[in-house]
Amino acid sequence: MLGLTIALAGLVPGQAQQVPVDERTLSNGMKLLMLERHHSPAIAGGWVARVGSVNERPGITGIAHLFEHMMFKGTPTIGTSDAKRDAEIIEQQETVRDAMRQEEAKMRLALRRGEIEDLAKPENKTERYRELEAKFKELIAAQREVLVKNEFDRVYTTAGASGMNAFTSNDMTGYFITVPANKLELWAWMESERLLRPVFREFYAERDVVFEERRMRTESTPLGKFQESLEAMFWESHPYGWPVIGWPSDIPAITKAQADEFYALHYAPQNITLILVGDFKADEAAKLCERYFERIPRGKRNPPEVVTEEVAQKVEKRMNAEAEANPQVDILWHTPAAGHPDSYALEVLAAVLSGRSGRLHKALVLGDEVATSAFAHQMARKYAGMFNIGGEAKEPKTPGDVEAAIYVEVERLKNEPVSARELQKVKNNFAAMAVRRASSNFHLLVQLIQYEGGGDWKSINTEIPSILEVTAEDIRRVAQKYLTKENRTVATFTRKAGTKVPDDPALAGLSGEQQAVVRRIASQIKSEISLERLQQQLQTMEAQLGQADGKQQGLIKIIMVKVAERIAELSK
Amino acid sequence: MKQNMALGLVAVFGLALGQAQEIPDRPEKLTFPPLIYDAPNPADYRVELESGVIVYIYPDRERPLIDLSVNVRGGSYLDPKGKEGLAGLTGYLMARGGIPSSPADELDEELEFLAARLSSSFGGLSGSVGLNLLSKDADRGFEILRAVLAAPSFQEDKLALRKTQTLQGLKQRNDDSKNIESRERNFLAYGERFWFNRHTTAASLESIRREDLLAFHHKWVHPKNFIVSVSGDFDRNEMLKRLDGVFAAWPHPGKKAPPVSQEQKYGKPGVYIVNKDVNQGRVSIMLPGIRWDAPDYYAIQVMNDVLGGGGFTSRITNRVRSDEGLAYSARSAFPGGVYYPVVFRAGFQSKSRTVAYATSIVLEEIERIIREPVTKEELLTTKKSFIDTFPNNFSSAAQVVSAFASDEMIGRYAKQPHYWANYRDNIESVDIAAVQHVAKQRLKLDQMIILIVGQKEEILKGHPDHPVKLGRLVKGGVIELPMRDPLTMQPAK
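Residues numbered from 1 in each chain as written. Chains lettered and ligands numbered in written order. Predicted model: local features only at pLDDT ≥ 70, side-chain atom pairs only at ≥ 80, totals over all residues. Heavy atoms only, no water.

Engineer: Quick rundown of the nonpolar core? Include the residues and the values.
Structural biologist: All names here are of chain B. One finds Leu68, Val70, Leu149, Phe226, Val230, Leu243 and Phe247 to be the most contacted residues of the largest nonpolar core, which totals 74 residues. It is helix 4 (residues 138–150) that provides the largest number of residues to this core, a total of eight residues. Taken domain by domain, the makeup of this core includes at least three residues from each of domain 2 (42–247) and domain 3 (270–481). (Core = buried A, V, L, I, M, F, W, Y, C linked by side-chain atoms within 4.5 Å. Buried < 20%, exposed > 50% of the residue type's maximum accessible area, 1.4 Å probe, protein only. Helix = DSSP H or I, 4+ residues; strand = E, 2+ residues; numbered from the N terminus. Domains from an automatic or database assignment.)

Engineer: Help me get a handle on the domain arrangement of chain A, residues and values and all.
Structural biologist: Residues and elements named next belong to chain A. Here chain A is partitioned into domain 1 (20–77 + 149–293), domain 2 (80–147), domain 3 (317–495) and domain 4 (505–571). Between domain 1 and domain 2, the contact holds 14 residues from the first and twelve residues from the second. Across the domain 1 to domain 2 interface the summed buried area is about 1,100 Å²; carbon plus sulfur atoms make up 53%. One can count one salt bridge joining domain 1 with domain 2. The closest approach of N and O atoms between arginine 201 and aspartate 86, which form a salt bridge, is 2.8 Å. Counting the contacts that link domain 1 with domain 2 gives three residue pairs in polar contact (both at pLDDT 80 or more). Its residues assigned to classes, the side of domain 1 that touches domain 2 shows five nonpolar, three polar and six charged. (Contact = heavy atoms within 4.5 Å. Buried area = accessible area lost by both parts, 1.4 Å probe. Salt bridge = Lys/Arg side-chain N within 4 Å of Asp/Glu carboxyl O. Polar contact = N/O pair within 3.5 Å; in protein donor to acceptor, adjacent residues only side chain to side chain. Nonpolar A, V, L, I, M, F, W, Y, C, P; charged D, E, K, R; others polar.)

Engineer: Go over the sheet that holds strand 8 (residues 328–335) of chain A, please, and point to the residues and values.
Structural biologist: All names here are of chain A. Taken in spatial order, the five strands line up as 7-11-8-10-9 in an open sheet, and their pairing is mixed. Strands at the two margins of the open sheet, each flanked by one partner only, are strand 7 (317–323) and strand 9 (371–380). Strand-to-strand twist of the sheet, defined as the mean angle between neighbouring strand axes without regard to direction, takes the value 15 degrees. By the bridge criterion, eight bridges tie strand 8 to strand 10 (residues 385–393) in an arrangement that is antiparallel. Its bridge partner lying in strand 10, glutamine 328 is registered against glutamate 392. The strands touched by helix 8 (residues 224–234) are strand 7, strand 8, strand 10 and strand 11 (488–495); relative to strand 7, the strand with the most contacts, the crossing angle is about 170 degrees. In this fold helix 13 (residues 399–415) packs onto strand 7, strand 8, strand 9, strand 10 and strand 11, with an angle of close to 40 degrees to the strand it touches most, strand 8. (Pairing = 2+ DSSP bridges. Axes fitted to C-alpha atoms, helices over the stretch in contact; angles between N-to-C directions.)

Engineer: Would you mind going over the packing of helix 14 (residues 420–436) of chain A against helix 16 (residues 459–468) of chain A in detail, with residue names and values included?
Structural biologist: All names here are of chain A. Where helix 14 meets helix 16, the closest approach of the two axes is 9 Å, and the angle between their N-to-C directions is 165 degrees. With respect to helix 16, the axis of helix 14 lies roughly antiparallel. Two packed elements cross with a definite hand, and for helix 14 against helix 16 that hand is left-handed. Contacts from Lys427, Phe430, Ala431, Met433 and Ala434 of helix 14 reach helix 16 at Ile464, Ile467 and Leu468. When the residues that make up the contact of helix 14 with helix 16 are grouped by side-chain class, the tally is seven nonpolar, no polar and one charged. (Parallel < 35°, antiparallel > 145°, perpendicular 65-115°, else oblique. Left-handed = near helix turned anticlockwise from the far one by under 90°.)

Engineer: Break down the side chain of threonine 492 of chain A for me, with residues and values.
Structural biologist: Along the chain, threonine 492 of chain A turns up in strand 11. In this view, threonine 492 of chain A contacts Arg318, Met319, Asn320, Ala321, Gln328, Val329, Pro399 and Glu403 of chain A; residues no more than four positions away in its chain are not counted.

Engineer: Describe the confidence of the model for chain B, with residues and values.
Structural biologist: Averaged over all residues, the pLDDT of chain B is 93; the fraction at 70 or higher stands at 96%. Scored below 50 in pLDDT, residues 1–20 of chain B shows 44 contacts in the model against residues more than four places distant or in partner chains. (pLDDT = per-residue confidence, 0-100.)

Engineer: With reference to specific residues and values, describe the domain arrangement of chain B.
Structural biologist: Under the domain assignment, chain B is made up of domain 1 (2–36), domain 2 (42–247) and domain 3 (270–481). A straight line from the C-alpha centre of domain 1 of chain B to that of domain 2 of chain B covers 43 Å.

Engineer: Break down the pairing of strand 4 (residues 54–59) of chain B for me, citing the residues and quoting the values.
Structural biologist: Residues and elements named next belong to chain B. Burial of strand 4 is extensive: six of the six residues sit out of reach of the surface. The alternating pattern of strand 4 places Ile54, Tyr56 and Tyr58 and Val55, Ile57 and Pro59 on opposite faces, both of which are buried. Bridging between strand 3 (residues 46–48) and strand 4 involves three bridges; their strand directions are antiparallel. Counted as the bridge partner of arginine 46 is tyrosine 56 from strand 4. Note: strand 4 against strand 8 (residues 226–232), six bridges, orientation parallel. Within strand 8, the residue paired with proline 59 across the bridge is glycine 232.

This is how it looks when you write it as structure tokens:
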């Protein structure tokens, strides 16, 4: 034990690695977080709106994310050369869109009645819809005459800003960019303008972009669509059950009016935190932010609280997906929200299982050799958490074998306390994490966005000290409490027929039929016990080899190797 | 001392806070204090050790951490025929296959206890051994580093495990259309015989033995091929002494990594399709490539940025994404290869029925940048995006030394020691005529190769509102490429 104390002696966890954020609140309720760092003449600036897919409802799933895209479309002065004309056209566009929505309702009815099969197919549009579409295109063309394309981006880029982007998650929407240190006022101008008076132009083209994003991330990847099903099955009552990107029916149905409403409610100053990290003086920057952002009036009402809680799970839930992927298993358990003391114990528990010297690797990959890789992590979101363990099967072992081996480790955690050395090892890593996190302005900004959006930025300083207090008994208790059969949802993945890759590398390159032949013969060879007969076979094949064509030769050689292997086996 | 001066030269003259003045309606009306920034000079950080190894060194006491990378010349281009995958296995197992004083599992346990990160790998043309640890553990860390570099054990059990994991990886080669696209792109752009198109196969993997790893290691992992970058919590002279120790008395003779083979063959123009049942087609549009030391390199970078490299300020993104909503990501790159020309590529992903239409828009934009001069505004935006973001290349000590070590690796420091000092002027000197000149010279339309991975029939059907025929877009017509067997990389029968 003495040795362990010394090992950590050079590092003072907690105190020494505090992130010294200067927190202020503007008169309209907007929060401002500042962190001075004078390493290079740049500032990473961003803000987080405490709104994500969790704040949506059926019918408008995906709106938080679509809205994030719309925040780059400009203002009355950025993005158009004629704000008045631009606004008129947008209004006319909405009138046409209203008529199109009536047609969309007819097409949905036709779909329900089985008259058409797929709404997305261009051939299934009604005649009237086509006419309206043509009209809408004319309005787009008219708008382009006054449109200043992607000007919001252009202004920033021309000023030497870089890395402008944003993200949406279940709990939050974050926006960020890096500006040269002398351009902080530009940042304040741009960000306050788009919060004060955004214009959602090009709304419908952007909606299509989002659908392409859905195809790219979810629909055309090997596991995307199944992960979506898994989460939808895992969460029964909680709004975490629908995907952040939105259901495919909802994305193309979201209206600009809904986006306007969403903005008014969720982008009010009292729901937003500004964050600056980099080369500036806090007092000067605060004055600047007051001047620019206090122009935005406080929202009349606060966004409604998310009241729906996940119902307690009563039975184990399972799915099996035939996927274009290696066989694997993915297990989820319900756990508490971020900030709950048990979530720290679960973080430590996950760390005990993870890593090359962690329990899963030792038991599943090195010990039983049922898996080629395995992982564990605790994901504590703002309103609820999930614990996840999974692994890829080492063929011919199955996902079921991996699953069983995982439960053995879970049971061990419930029954025996984690050793002092294991606990110290994972704690050393959490302490080091606090040291490593200050690697760049941008990295710190993103972490502050995440912590603040997930509840409170102060967790960046309190989380690791809380983790370092976790005891072996805490770990055993949370394992018993949360990692139960009734509380889990299990997905197994097996390889989809037709995309099968031979288990035996020797069969690679053969057609399915040839593989079947070789497999059949190989199993006969395996059960042959007469050395003599095997040696005879080998000689016969050697003789055949000379006369066979190229393709047959390959087959014969593979079988000869199998025979030789069997001979070697029997001669032992 | 000198190192810290480089960043100290930054001068930001107080924020102009016009307290009482009104907020303007346009950002152009804002005024900004000047920002003067001098690039750090590589010579200030460069040291040649007793062993001849070049080190870029930058003490930085902000955090009690040391970050080090030993870059190694060599890579899978040196894989012997039939042993494809050897460099990758050797690289991975240097840090993961044990050292004489500690078996692999004990070493992993020790490193994780110290919260140290040790990694090793070989890519195509270079490898690296990286160490990031708390400075209090430096003595033990450098002892392990020496052992991993000079005498890795390559334990048999770890080799077997890594081979299994690699084989699992090979099995997934056709699962994601993205992987199929990048693989076939390389075959079309550089030819079947080019070094990086010699893929690891189940058979080559199977044939690799521990002796092969030892031989590869003894030959190439040698101070002759090392370039080091190190930053963090240490005294400069002490660290140099430490490093002298790490590289002293090398146990095997080693060889200098030879030049990379230039044997490449750009494919026949045409539209190539790999049929894959996913509802979004992935498209790569390619043209013959350039090298980074081409005299017109800067003009090419500016041209590509306007065309499709500059994100939302570029033409391809504007038209394919913002105007038409046809793709989430649509862009182009003309990066300039180090050892051989690297092709121009424009790419996007779109639903099957609009693949042809979106492709035609990208082609229109390529043709337009050849035909018409870019605007003054576009040129300004692009230049600023290169010039005013310049300090971001050097925003931390680790970034400074790793940028310079990478220049040393590719020979840029030897050829152009003032590359960074002159970088902004070189971009600034590009004018509209130069942009159009390189567009005309370098975008060789008659050699266009288009690769598409997706649902072939749906893609060829196109969209009723945009009747574009893929086969007519470029000479050569539509050619279907077979899927390759994931374990042999041979086209499926």
